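Read off the chains here:
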Amino acid sequence: MTPSSSFPTMAFIGGGNMASAIIGGLIAKGMPASQILVVEPWEEARASLRKNFGIVALPEASAALASAGLAVWAVKPQTFKDAAAASAEFTRHAVHLSIAAGITSDSIAAWLATDRIVRAMPNTPALVGKGITGLFARAAVTTNEKLLIEQVISTTGQFVWVKDESNLDAVTAISGSGPAYVFLFLEAMTQAGKDMGLPPEQAYQLAVATFQGGSELAARSSESPDVLRQRVTSKGGTTHAAIVHMQEHKVLEHFIDAMRAAEKRAQELAVEFGK
Ligand SMILES: NC(=O)c1ccc[n+]([C@@H]2O[C@H](COP(=O)([O-])OP(=O)(O)OC[C@H]3O[C@@H](n4cnc5c(N)ncnc54)[C@H](O)[C@@H]3O)[C@@H](O)[C@H]2O)c1
């Protein structure tokens, strides 16, 4: 479904990277700019929101927010509580969508004095319509409100609903932070190609196309990544040499540990900034 004039006005609290990705998706799918308001204290960010999307960007919360049926909380976990204190009185009638990592819906419910809260964990490929978002709704959120949020999020890519709110920390560790892991691997593959004598731009092109192609193949295949991997791995060949090296150095185990560290950090953010 395409967002249209039947959509409620949306208020974004925080107009940084992720808010811009979601707003960009909404505008690209036909949401009228006049139905989007943003509260963004940073002048430069407000100027780019106005320039890129033609939306109204306010330096601070005001009664203008009262027209919003959906409030999207796109501030850092560290600033959520202060932002909530400034905006809560104006967003009382809205359903709330938080994209902040870690901060639990119990904290948000206490700060905003409402239970109509959905938490989302998107990722930056949302910028090109290839994002994936984990969603969790509190019991007070109606089916229609969930559908509205699905329509908003689907302008940025795929979504999945998780059963338990704590699952969002795993979503954060895997797909929320995940693009950074992909970019890190792209850097490593580009560096390796350079070290082996390839021009850097060619090494980068090879690395990016390999991630795109490998992901597309996995997405379209009915076979497991394990089987797909074995098809690349000739007996006594080059891939085997690389995989054995990774196994000997426990690369996979360390990579899994890294995602556990991200999950743990999400849990810590909830405690540090959720009070
Ligand atoms: N960037 C990602 O990959 C990503 C992915 C998923 C979720 N998130 C979550 O999204 C949230 C925003 O992340 P981001 O990367 O867009 O950060 P960002 O720094 O780009 O954006 C946050 C914006 O909030 C503004 N802000 C600060 N105080 C404010 C206040 N009191 N009221 C309104 N706005 C205020 C800042 O000026 C800034 O522009 C975070 O909670 C993060 O956990 C980020």
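Calculation notes
- Going along each chain's sequence as written, the residues are numbered from 1 onward.
- The predicted nature of this model means local features are confined to residues of pLDDT at least 70 and side-chain atom pairs, given and counted, to a pLDDT of 80 or more, with totals for whole chains, interfaces and linings taken over all residues.
- The basis for every side-chain value is the complete set of heavy atoms in the structure, and neither hydrogens nor water enter the calculation.
- Per the convention used, a helix needs a DSSP run of H or I reaching at least four residues, while a strand needs a run of E reaching at least two, with both numbered from the N terminus.
- Distance and chemistry together define a polar contact, namely a pair of N or O atoms within 3.5 Å, with one atom able to donate a hydrogen and the other to accept it when in protein, and with adjacent residues in sequence counting only for side-chain atoms on both sides.
- The contact definition used throughout considers only heavy atoms, calling two residues in contact when any of these lie within 4.5 Å.
- UniProt positions are given in the numbering used here, feature names are shortened, and annotations may be inferred rather than shown by experiment.
- The aromatic pairing rule takes the rings of Phe, Tyr and Trp, using the six-membered ring of Trp, and pairs them if the centres are within 6.5 Å, calling planes under 30 degrees apart stacked, those over 60 edge-to-face and the rest tilted.
- Type-normalised accessible area, obtained with a 1.4 Å probe on protein chains alone, sets the label of each residue: buried when under 20%, exposed when over 50%, and partly exposed for intermediate values.
- The pairing criterion for strands is at least two bridges between them, as found by DSSP.
- Fitting a line to C-alpha atoms yields each axis, with helices limited to the stretch in contact; the angle taken between N-to-C directions then spans 0 to 180 degrees.
- What makes a salt bridge here is a side-chain nitrogen of Lys or Arg within 4 Å of a carboxyl oxygen of Asp or Glu, nothing more.

(A) Just the side chain of serine 98, in detail. Mapping serine 98 onto the fold places it in strand 5 (residues 95–98). Here alanine 100 takes part through its backbone nitrogen, which lies 3.2 Å from a polar atom of the side chain of serine 98. Those residues in contact with serine 98 that sit more than four places away from it in its chain are Trp73, Phe80, Ile108, Val118, Arg119 and Ala120.

(B) Highlighting the UniProt feature "domain: Pyrroline-5-carboxylate reductase dimerisation" (unreviewed entry) in the protein. The UniProt feature table records "domain: Pyrroline-5-carboxylate reductase dimerisation" (unreviewed entry) at residues 165–269. End-to-end, the C-alpha atoms of residues 165–269 are 14 Å apart, and along that stretch the chain is 83% helix and 0% strand.

(C) Here's a closer look at the environment of leucine 37. As for its position among the elements, leucine 37 is in strand 2 (residues 36–39). Taking the C-alpha atoms as reference points, leucine 37 and alanine 68, separated by 31 residues in sequence, lie 8.2 Å from one another. Look past the residues within four positions of leucine 37 in its chain and what remains in contact with it is Thr9, Met10, Ala11, Phe12, Val56, Ala64, Leu65 and Ser67.

(D) Looking closely at the UniProt feature "transmembrane region" (unreviewed entry) in the protein. In this numbering, the UniProt entry assigns the feature "transmembrane region" (unreviewed entry) to residues 6–28. Annotated as residues 6–28, this span is 52% helix and 22% strand, and its ends, taken at the C-alpha atoms, are 16 Å apart.

(E) Up close: unusual backbone geometry. You will see that alanine 113, though not glycine, has its phi angle at about 55°, which is positive. Structurally, alanine 113 can be placed in the loop between helix 4 (105–112) and strand 6 (117–121). Here the phi dihedral of lysine 250 falls at roughly 55°; this positive angle occurs in a residue that is not glycine. Note that lysine 250 resides in the loop between helix 10 (238–248) and helix 11 (251–273).

(F) Molecular detail of the packing of aromatic side chains. Taken as a whole, this structure holds four aromatic pairs when the rule is applied. When the ring of tyrosine 181 is compared with that of phenylalanine 255, the centres are 5.7 Å apart and the planes differ by 85°; the resulting orientation is edge-to-face. Here tyrosine 181, found in helix 7 (residues 178–195), pairs with phenylalanine 255, found in helix 11; they are 74 residues apart in sequence, far enough to count as distant. Accessibility expressed as a relative area gives 17% for tyrosine 181, which makes it buried. You can call phenylalanine 255 partly exposed: its relative accessible area is 29%. Where phenylalanine 185 meets phenylalanine 255, the ring centres are 5.6 Å apart and the plane angle is 80°; that geometry is what we call edge-to-face. Separated by 70 residues along the polypeptide, phenylalanine 185 in helix 7 and phenylalanine 255 in helix 11 bring together distant segments of the chain. Taken together, the ring pairs in this structure connect Trp73, Phe80 and Trp111 into an aromatic cluster.

(G) Quick peek at the sheet that holds strand 6. Read from one edge of the open sheet, eight strands run 3-2-1-4-5-6-7-8, paired in mixed fashion. Two strands close off the open sheet at either side, each with one partner strand: strand 3 (56–58) and strand 8 (157–161). Looking at each pair of strands side by side, their axes are set apart by 25° on average, direction ignored. In terms of strand pairing, strand 7 (residues 131–137) meets strand 8 through five bridges, oriented parallel. Bridge pairing links threonine 133 to phenylalanine 159 in strand 8. Contacts from helix 1 (residues 17–28) reach strand 1 (9–13) and strand 2, with the element oriented near 160° to strand 1. Here helix 3 (residues 77–87) sits on the sheet in contact with strand 1, strand 4 (68–73) and strand 5, set at roughly 160° to strand 4.

(H) Examining the pattern of salt bridges more closely. In total, this model carries 12 salt bridges according to the counting rule given. Salt-bridge contacts for arginine 231 lead to glutamate 223; the nearest nitrogen and oxygen are separated by 2.8 Å. Judged by its relative accessible area of 55%, arginine 231 falls in the exposed class. The salt bridge partner of arginine 265 is glutamate 272, with a shortest N-O separation of 2.7 Å. The partly exposed category is assigned to glutamate 272, whose relative accessible area is 42%.

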